[in-house]
Amino acid sequence: MPWLPRRNPSGYNRFVPVSPLIAPSLLAADFSRLGEEVEAIAAAGADWLHLDIMDGHFVPNISFGPVVVKALRKRTTIPFDVHLMIAPADPYLAAFAEAGADLISLHPEAGPHLHRSLQTIRALGKKAGVVLNPATPVEAVAHVLDLTDLILVMSVNPGFGGQSFIESQLSKIAALRRMIDATGRHIHLQVDGGVTAKTARSCIEAGADVLVAGTAVFGQTDYAAAIAAIRGAAA
Ligand code: DX5
Ligand code: ZN
């Protein structure tokens, strides 16, 4: 019957609100107190910690590297979701794996052989993600889905927190949801950039299941309330 929820082959149920995973982005934390910030966000109910790695070359900003990731790994057990905005990325994959990343995502533009990079991440025993810039088409990931555990849709141009959500990415999220469902495999669909309690719902409706939020979480005084607001708005 058409009004009943329909389960698609991947088990993702479009007609029942999903509870999104919330991955606060450390980029908006107080960098003078990173250890305490990581402990605080885990206690506030974060599902994952999103760590933005920027090299001042692939993106016009510099953040931190594997040494900092390794130091923070001691402060919490929640999964570390490492978003590489560096080129080349291949020479650093092992260092981030050894530092304690659980998932390593990279942009197709960061190197000549995305398939090989994903194989490398998997061989290191980590989950592998592909990140699509606002102008990068969904086809960039179409032929590597068997090596992909997560697709990240950038809803801002990477490099800085605090930017406005780019609405045109919603149709890309929906297209990727269809592409993922057609595989019959579970692949996370994550959105990063300008995610707030206001924009979260449209991301989830389009098919996302993991939301990254920097300013909307670490930029607030009450982290638990900020996470709950995004989760509640999305569900
Ligand atoms: C941007 C980063 C994001 C950023 C998001 O290049 O990839 O993770 O921290 O920040 P907000 O949520 O403030 O847009
Ligand atoms: Zn990010």
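This is a predicted model, so every value here is computed, not measured.

Scoring rules and cut-offs
Counting of residues starts from 1 at the beginning of each chain's written sequence and follows it residue by residue. The naming scheme follows written order: chains are lettered A onward, ligands numbered 1 onward. Per-residue local features are limited, in this predicted model, to residues with pLDDT of at least 70; the limit for side-chain atom pairs, both in listing and counting, is 80 or more; totals at the level of whole chains, interfaces and linings are taken over all residues. With hydrogens and water set aside, each side-chain value is computed from the structure's full complement of heavy atoms. Basic side-chain nitrogens of Lys or Arg form a salt bridge, by our definition, when they fall within 4 Å of a carboxyl oxygen of Asp or Glu. Strands are runs of DSSP state E lasting at least 2 residues, helices are runs of H or I lasting at least 4, and numbering of each runs from the N terminus. Working definition: with a 1.4 Å probe on protein chains only, accessible area under 20% of the residue-type maximum means buried, over 50% means exposed, and in between means partly exposed. For two strands to be treated as a pair, DSSP must find no fewer than two bridges joining them. The axes are straight lines fitted to the C-alpha atoms, using for helices just the contacting stretch, and the angles between their N-to-C directions are given from 0 to 180°. Each angle is binned into one of four classes, with values under 35 degrees roughly parallel, values over 145 roughly antiparallel, values of 65 to 115 roughly perpendicular, and all other values oblique. Two helices that cross are described as forming a left-handed crossing if the nearer one is turned anticlockwise from the farther one by less than a right angle, and a right-handed crossing if clockwise. Contacts are residue-level and defined by heavy atoms, with any inter-residue pair within 4.5 Å sufficient. Only Asp, Glu, Lys and Arg are considered charged, only Ala, Val, Leu, Ile, Met, Phe, Trp, Tyr, Cys and Pro nonpolar, and every remaining residue, Gly among them, polar. UniProt positions are given in the numbering used here, feature names are shortened, and annotations may be inferred rather than shown by experiment. Both site types are read off a 1 Å grid over the protein atoms alone. A 1.4 Å probe that fits but cannot get out defines a cavity, while an open set with protein on both sides within 12 Å along at least five of seven lines defines a pocket; lining residues have an atom within 4 Å of a point. Polar contact is the term for a pair of N or O atoms within 3.5 Å; when the atoms are in protein, one must be able to donate a hydrogen and the other to accept it, and sequence-neighboring residues count only if both atoms are side-chain atoms. Values of pLDDT, which run from 0 to 100, indicate the predictor's confidence residue by residue.

Remarks on the pattern of salt bridges
Part 1: Throughout the structure, instances matching the rule amount to nine salt bridges.
Part 2: Here Arg 177 ties to Asp 181 by a salt bridge, and the two come within 3.1 Å at their closest N and O atoms. On the criterion of helical spacing, the pair formed by Arg 177 and Asp 181 is a turn pair, its members being four residues apart in helix 6 (residues 169–183). Comparing Arg 177 with Asp 181 shows no difference in burial state: the two are buried.
Part 3: When salt bridges with common partners are traced through the structure, they connect Asp 30, Arg 33, Glu 36 and Glu 37 into a single cluster.

Here's the deal with the sheet that holds strand 8 (residues 210–213)
Part 1: Read across the open sheet, the eight strands follow the order 1-8-7-6-5-4-3-2; overall the sheet is parallel. Looking at which strands have only one partner, the edges of the open sheet turn out to be strand 1 (21–24) and strand 2 (49–54). Ignoring which end each strand starts from, the neighbouring axes of this sheet average 25° apart.
Part 2: Examined bridge by bridge, strand 7 (residues 188–192) and strand 8 share three bridges and lie parallel to one another.

Describing the packing of helix 7 (residues 197–206) against helix 8 (residues 223–234)
Part 1: At a closest axis distance of 7 Å, the pairing of helix 7 and helix 8 adopts a crossing angle of 40°. The pairing of helix 7 with helix 8 is recorded here as oblique in orientation. Where helix 7 crosses over helix 8, the two elements pack in a sense that is right-handed. Seen from helix 7, the contacting residues are Ala 197, Ala 200, Arg 201 and Ile 204; seen from helix 8, they are Ala 229, Ile 230, Ala 233 and Ala 234.
Part 2: Broken down by class, the residue content of the contact of helix 7 with helix 8 amounts to seven nonpolar, no polar and one charged.

Some remarks on the UniProt feature "binding site: a divalent metal cation" (unreviewed entry) in the protein
Part 1: Mapped onto the present numbering, the UniProt feature "binding site: a divalent metal cation" (unreviewed entry) falls on His 50, Asp 52, His 83 and Asp 192. A maximum C-alpha distance of 10.5 Å places the annotated residues, which cover 143 residues in sequence, within one compact spot. Annotated residues from the preceding list that form part of the lining of the largest pocket: these are Asp 52, His 83 and Asp 192.
Part 2: Mapped onto the secondary structure, His 50 falls in strand 2.
Part 3: On the accessibility criterion, His 50 (0% relative accessible area) is buried.
Part 4: Not counting the four nearest positions on each side in its chain, His 50 is found in contact with Ala 23, Pro 24, Ser 25, Leu 26, Asp 81, His 83, Leu 152, Gln 190, Asp 192 and Val 212.
Part 5: Relative to the helices and strands, Asp 52 is located in strand 2.
Part 6: Reaching out from Asp 52, the side chain makes a polar contact with the side chain of Ser 25 at a distance of 2.6 Å.

Side note on the confidence of the model for the protein
Part 1: Averaged over every residue, the pLDDT of the protein is 93; the share at 70 or more is 92%.
Part 2: Note that pLDDT drops below 50 for residues 1–17; the model gives that stretch 29 contacts with residues more than four away or on any other chain.

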